[in-house]
Each structure stands twice: as C-alpha cells, then as structure tokens.
Amino acid sequence: MLRAIIVDDEQPAREELVELLSEVDDLTVIGECSNALEAIQTIHRLQPDVVFLDIQMPKINGLEMAAMLDPANMPHIVFVTAYDEYAIKAFEQHAFDYLLKPVDLQRLCKTISRLKTAKTVNNNLHLITDTTLKHIPCYGHNRIFLLRLEEVEYLSSELSGVHVVGMTQSGYTQLTLKILEEKTSFTRCHRQYLINLDQVGEIQLLENGSAEVITRSGKHIPVSRRYLKPLKEQLGLS
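Reading the values: the criteria
Residues numbered from 1 in each chain as written. Predicted model: local features only at pLDDT ≥ 70, side-chain atom pairs only at ≥ 80, totals over all residues. Heavy atoms only, no water. Core = buried A, V, L, I, M, F, W, Y, C linked by side-chain atoms within 4.5 Å. Buried < 20%, exposed > 50% of the residue type's maximum accessible area, 1.4 Å probe, protein only. Domains from an automatic or database assignment. Pairing = 2+ DSSP bridges. Helix = DSSP H or I, 4+ residues; strand = E, 2+ residues; numbered from the N terminus. Axes fitted to C-alpha atoms, helices over the stretch in contact; angles between N-to-C directions. Contact = heavy atoms within 4.5 Å.

- The name given to the protein chain in an unreviewed UniProt entry is Two-component system response regulator BtsR, with Limnobaculum zhutongyuii as the source organism.

And the structure:
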C-alpha cells in the first residue's frame, strides 16, 4: 500500500486530488498540507512513499521545497501544477512524474502504476546542487515561520533538532546541517555548528588549539581545530 501526502495551497485542488486518488487501488492519502512549511514537518513525521506537490505556492514554491528535503530519506515527488512551463525544470530535478491540472484519472493511474513497480523510494530526486536556499523554514512556540539567511547568526545541531539562531528571533528547523551547508553560504566551524560569516565579529584563540567565534552581537560559538584554518582563510585572516 502506497502512502501519499498532498501539498497544495488551494483546498479545492487538494479535495479534487483526494477524490481521484480514492479511486486508485493500493494507495492511501495519509496527509494534506497547504504550504511548504507544514509539508516539510509532515514529511519528516509520516515518512510517505510519495508526495503530490504543487509547484506555485506562496513563500516557498514546490521546486524550492523539494530542494530542502534530505536526499537520504526522499519520497517520490510527483509535481502537480497548472503551468506546463515548469515541466522541464521539474524533470531536471529528477521528479518521478509531472501532472498537469486538471489531473486526468487515466494519466494519474499510469503514474500510480509506475510508483508501485519502483524499486526504491528515494531514487527519484537526487541532490540538487544548483539550488541555493533563500529562507530557512523554522518552528517554535506553536508557530512556523521563515528566516531569511541574512537574519541568521549561526546554526547548531541539538538533540531536539537543528537550532537556528537569528538576530531577532530563533527556532528549530527540520533541515539537516548537511543540507544547510550545501544549500547556503553558511560555513562549518565545528561538527555541530555552521556560522554566517557576515555575522563574525572576531575569532578568539584558546590554549588547547581550538578557538571561538564571537559574533557581532556577542554570542560565542566553538571552532574545532579541524575547521580553524579554513575558517580563517575564508575570513581573510590567514
């Protein structure tokens, strides 16, 4: 039984697709999301086999959202949109399939048939190396929000998730440090930390060979010996 999530900012479109998928055997819809922020959390929580993903959505569009997902735990992505000009871009990102609205039932059944015979769940969407994130989706205090990259001072990996520390607000994100390192300009200074070089005030050398970054706002971030030299080089301090 395939487990599916539908992501579309328009409720009528979600309802229409749910109705169509109800006529398909061996597939169940386990979740519906109206935006990318909600969808990222739901995908991490429910681990679906396939995500039917609208492309044109506010804040974070479907292509940007797909780039935020961890390639190691990637569901099949089937883009669903009314705009066929996105087709080439979608397939460049190795989408499993691309459906135009209004979705035709016979065409949908072909997609489901192919999904059932796919050997693995995460073989369809490879790491998108040319996609740079503009925002980080965050959650905290019963809300979800976006932080622009320039607002972020540093990120740290904690038991509860990746902590995104901003200049005026902070939160947690479902994105991994690896994804954030690859898709942003943030620099690794420690196995558990990434920093925004624009927010570095100074580097303080310690007696044990390691160091600390002190941000412009006075926050102290550890720098391990492994990352100290490349960090100094990036800051022009070598």
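Focus: the nonpolar core
Reasoning step 1: If you look at the biggest cluster of nonpolar residues, it comprises 39 residues, and the most contacted ones within it are Val7, Leu53, Met65, Phe79, Ile136, Leu155 and Leu180.
Reasoning step 2: Both domain 1 (2–127) and domain 2 (135–235) contribute no fewer than three residues apiece to this core.

A few points about the sheet that holds strand β5 (residues 97–100)
Reasoning step 1: Pairing is parallel in the open sheet, where five strands are placed in the order β2-β1-β3-β4-β5. At either margin of the open sheet sits one strand with a lone partner, and together these are β2 (27–33) and β5. Neighbour to neighbour, the strand axes of the sheet diverge by 25° on average, direction disregarded.
Reasoning step 2: Both strand β1 (residues 2–7) and β2 contribute to a ladder of six bridges, which runs parallel. Among the inter-strand pairings, Arg3 is bridged to a residue of β2, identified as Thr28.
Reasoning step 3: In the packing of helix α5 (residues 105–117) onto the sheet, contacts are made with β1, β2, β3 (50–54), β4 (76–81) and β5, and the angle to β5 comes to roughly 165°.

What about the pairing of strand β14 (residues 211–215)?
Reasoning step 1: Across the five residues that make up β14, a large majority, four, are buried.
Reasoning step 2: Where strand β13 (residues 200–205) lies against β14, five bridges are found, and the strand directions are antiparallel. Directly across from Gln204, in β14, lies its bridge partner Glu212.
Reasoning step 3: Hairpin connection between β13 and β14: a loop of five residues separates the two successive antiparallel strands, and Gly209 in this loop has a positive phi of roughly 95°.

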